[in-house]
Amino acid sequence: MSLPMLNGTARLIDAPELRFSAQGTAVVKVRLAFNARKKDDSGQWVDGDSFFIDGKLFGQHAQNLADSLEKGMEVVVSGRLKTERWETREGEKRSGPSLLVDSIGPSLRFATARVEKSGGSGSGKQDAYRAAQAASSREGLEDPWASGVPASGGQAAGAWGGGSGGYSDEPPF
């Protein structure tokens, strides 16, 4: 038997908490709120029932989330529900639902996002920014589609420019 799945759109109600296990594995806890928003009879948005759950991610996936998402963001999430069990300091046994997140990302319904491939080192936003800067400074130098022909007559010279500043039907390969 497998764990039940949860798929939906939620909001991050806290900043992701990145920690590391004793073995050095990245672990992120993220608090999610799912709710049913709808318009009432007067046309105003009202919040319906809410479901709050802690999501957990591990390894590179955890570091990518911590580097990418922030409190308040609307996210699309998919994961497996499970019951966590723990004992309080007073010795009371407790349990509650949690979500083992398989996939999470920003919802693009009311936002935009810039996607960058992770280097796998978990080095954070600053290294990703430096890598993007380096890539943009090389732009055009390693582009196999660039023709190197300057634009003329108001037309762009592209990869299929044929050298005249216009476009031809002949592909460059």
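Structure: above.
No experiment lies behind these values; they were computed from the predicted model shown.

Caption draft 1: Quick peek at the pairing of strand 5 (residues 74-87). Pairing of strand 1 (residues 5-12) with strand 5, which is carried by seven bridges, proceeds in the antiparallel orientation. Its bridge partner lying in strand 5, Arg11 is registered against Glu74. Counted between consecutive antiparallel strands, the loop separating strand 5 from strand 6 (residues 93-106) contains five residues, among which Gly91 sits at a positive phi close to 90°.

Caption draft 2: Spatial organisation of the environment of Val76. Secondary-structure assignment places Val76 in strand 5. Val76 gets classed as partly exposed once you look at its relative accessible area, which sits at 44%. Remark: the alpha-carbon pair of Val76 and Arg11, spanning 65 residues in sequence, is separated by 8.7 Å.

Caption draft 3: Molecular detail of the pattern of salt bridges. Taken as a whole and assessed by the stated rule, the structure comprises eight salt bridges. Notably, a salt bridge pairs Arg80 with Asp102, separated by 2.9 Å at the nearest N-O pair. With Arg80 in strand 5 and Asp102 in strand 6, this pair connects stretches of sequence that are 22 residues apart. Judged by its relative accessible area of 32%, Arg80 falls in the partly exposed class. Classification of Asp102 by relative accessible area gives partly exposed; the value is 34%. In the salt-bridge network here, residues are joined through shared partners; they are Arg11, Glu74 and Arg109.

Caption draft 4: Here's a closer look at the nonpolar core. Ranked by internal contacts, the top residues of the largest apolar core, which has 18 residues, are Leu32, Phe34, Leu57, Val75, Val77, Leu99 and Ile104. Taken together, the elements giving at least two residues each to this core come down to strand 1, strand 3 (26-39), strand 4 (45-58), helix 1 (59-68), strand 5 and strand 6. In this view, Val77 contacts Leu6, Asn7, Gly8, Leu32, Phe34, Leu99, Val101, Ser103 and Ile104; residues no more than four positions away in its chain are not counted.

Caption draft 5: Here's a closer look at the packing of aromatic side chains. The final tally for this structure, using the stated rule, is one aromatic pair. For the ring pair Phe34 and Phe51, a centre distance of 6.4 Å and an interplane angle of 40° mean the geometry is tilted. Taken as a pair, Phe34 in strand 3 and Phe51 in strand 4 lie far apart in primary sequence, 17 residues in all. Given the relative accessible area of 11%, Phe34 is considered buried.

Basis of the calculations
Residues numbered from 1 in each chain as written. Predicted model: local features only at pLDDT ≥ 70, side-chain atom pairs only at ≥ 80, totals over all residues. Heavy atoms only, no water. Pairing = 2+ DSSP bridges. Helix = DSSP H or I, 4+ residues; strand = E, 2+ residues; numbered from the N terminus. Buried < 20%, exposed > 50% of the residue type's maximum accessible area, 1.4 Å probe, protein only. Salt bridge = Lys/Arg side-chain N within 4 Å of Asp/Glu carboxyl O. Core = buried A, V, L, I, M, F, W, Y, C linked by side-chain atoms within 4.5 Å. Contact = heavy atoms within 4.5 Å. Phe/Tyr/Trp six-rings, centres within 6.5 Å; stacked < 30°, edge-to-face > 60°.

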